[in-house]
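Secondary and tertiary structure notes
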2 protein chains.
Amino acid sequence: MPKAPASNHPACTEAARFAAVPPGAPPDPSVCPVRDVLDRIGQKWPLLILIALEPAPLRFSNVQRAVGDISKRMLTQTLRDLERDGMLTRRVYPTKPPSVEYALTALGRSALDPIAALAAWADLHHDTIRAARQQFDAA
Amino acid sequence: MPKAPASNHPACTEAARFAAVPPGAPPDPSVCPVRDVLDRIGQKWPLLILIALEPAPLRFSNVQRAVGDISKRMLTQTLRDLERDGMLTRRVYPTKPPSVEYALTALGRSALDPIAALAAWADLHHDTIRAARQQFDAA
DNA sequence: CAGCATCCCCATCGATACTG
DNA sequence: CAGTATCGATGGGGATGCTG
């Protein structure tokens, strides 16, 4: 069990509405899609892994190198989570020594789309944020 | 000090490139804008607070009610962080008893834009993800 | 090479109680 | 009403070592 399921938080209905849900009200109140997704991509490693795999599929060690300082433990765990979510595929080649290739799925690729929008926003407003922080800290 | 500064992670340059940075290379390698932003909005409360304030400014207690089950402790702390980032303003009315109104800034409002895109994605693909999980767990 | 198991730390968050 | 202060539990995640 990776973690507890997303909270069925009252404000999540707000979030869902904010997300421009279709006409019909969400039938399953026990899950908030927004939080469900954000819990994943909001973490450090999942995002970096998705980005690392964007240009091309990679093997375990190559993912580790691409991401940089992730431990094998977290890499394994995060890859599992992403595979479980259908964001990437895990293909084992029974060579000697074994090699495992990870590749984005269409779903994983499509996720990078809105993430890129967010990244663009971050890049655009980063200076403003940093300035705001400095001003705030002068107090 | 809210938390440690964002890691100057090698893959962040990848992330930055992915975010379609302008021609010039980022001069400050010690900060990754993408992680900087994601560290915030990836957390539970900041997002819910931004969403709660989107329709209209709210006072402390009203934010708490709007968000739902957040403790005063986390609410205070998160509001501070968001204020520090320039995402919202804090205006104190010296009435008796005192009241404090929190309102989104233009920056905070603009942040909800890409977040909405992400939320829309989450809403759209949530079923697919849940299905992938169920299939994965059948093993 | 890929990945699992173990240990352990410490940051985060909730609960509670108190103040201006 | 709008916080601050303090304590305590919980679990995320790093380091290390072992296996197929």
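Below, the structure is looked at part by part. Just so it is clear, the structure is predicted and the values come from calculations on it, not from any experiment.

**Describing the overall build of chain A**
- Looking only at helices and strands, one finds six helices and three strands in chain A.
- Element order for chain A, N to C, with α for helix and β for strand: α-α-α-β-α-α-β-β-α.
- With 139 residues in all, chain A has 46% of them scored as buried.
- Summarising the internal contacts of chain A: among those between residues at least 6 apart in sequence, 45% fall at separations of at least 24.

**Some details on the interface of chain B and chain A**
- The partner chain A presents 61 residues to the 61 residues of chain B that form the contact.
- Across the interface of chain B and chain A, roughly 5,500 Å² is buried in total on both sides, 70% from carbon and sulfur atoms.
- Our count for the chain B to chain A interface comes out at six salt bridges.
- Joining chain B to chain A, the criterion identifies 12 residue pairs in polar contact (both at pLDDT 80 or more).
- Those elements that place two or more of their residues in the side of chain B that touches chain A are helix 1 (10–18), helix 2 (33–41), helix 3 (44–53), helix 4 (60–67), helix 5 (72–84) and helix 6 (106–137) of chain B.
- Looking at the side of chain B that touches chain A element by element, the count peaks at 23 residues for helix 6 of chain B.
- Across the side of chain B that touches chain A, the residue classes break down as 35 nonpolar, 10 polar and 16 charged.

**Digging into the protein's contact with DNA strand C**
- Neighbouring residues of DNA strand C: 20 residues in total, closest A:Ser61, A:Lys72, A:Arg80, A:Arg90 and B:Met74.
- Counting only atoms of DNA strand C within 4 Å of the protein, the fraction found in sugar and phosphate groups is 70%.
- At 2.4 Å, a side-chain N or O of A:Lys72 approaches a base oxygen of DNA strand C.
- In this structure, a phosphate oxygen belonging to DNA strand C sits 2.3 Å away from a side-chain N or O atom of A:Arg90.
- When residues of the surface near DNA strand C are traced back to their parent elements, those giving at least two are helix 4 (60–67), helix 5 (72–84) and strand 3 (99–104) of chain A together with helix 5 of chain B.
- The element that contributes the greatest number of residues to the surface near DNA strand C is helix 5 of chain A, accounting for four residues.
- The residue inventory of the surface near DNA strand C, partitioned by class, reads nine nonpolar, four polar and seven charged.

The rules behind each value
- Residues numbered from 1 in each chain as written.
- Chains lettered and ligands numbered in written order.
- Predicted model: local features only at pLDDT ≥ 70, side-chain atom pairs only at ≥ 80, totals over all residues.
- Heavy atoms only, no water.
- Helix = DSSP H or I, 4+ residues; strand = E, 2+ residues; numbered from the N terminus.
- Buried < 20%, exposed > 50% of the residue type's maximum accessible area, 1.4 Å probe, protein only.
- Contact = heavy atoms within 4.5 Å.
- Buried area = accessible area lost by both parts, 1.4 Å probe.
- Salt bridge = Lys/Arg side-chain N within 4 Å of Asp/Glu carboxyl O.
- Polar contact = N/O pair within 3.5 Å; in protein donor to acceptor, adjacent residues only side chain to side chain.
- Nonpolar A, V, L, I, M, F, W, Y, C, P; charged D, E, K, R; others polar.
- Near = heavy atom within 4 Å.

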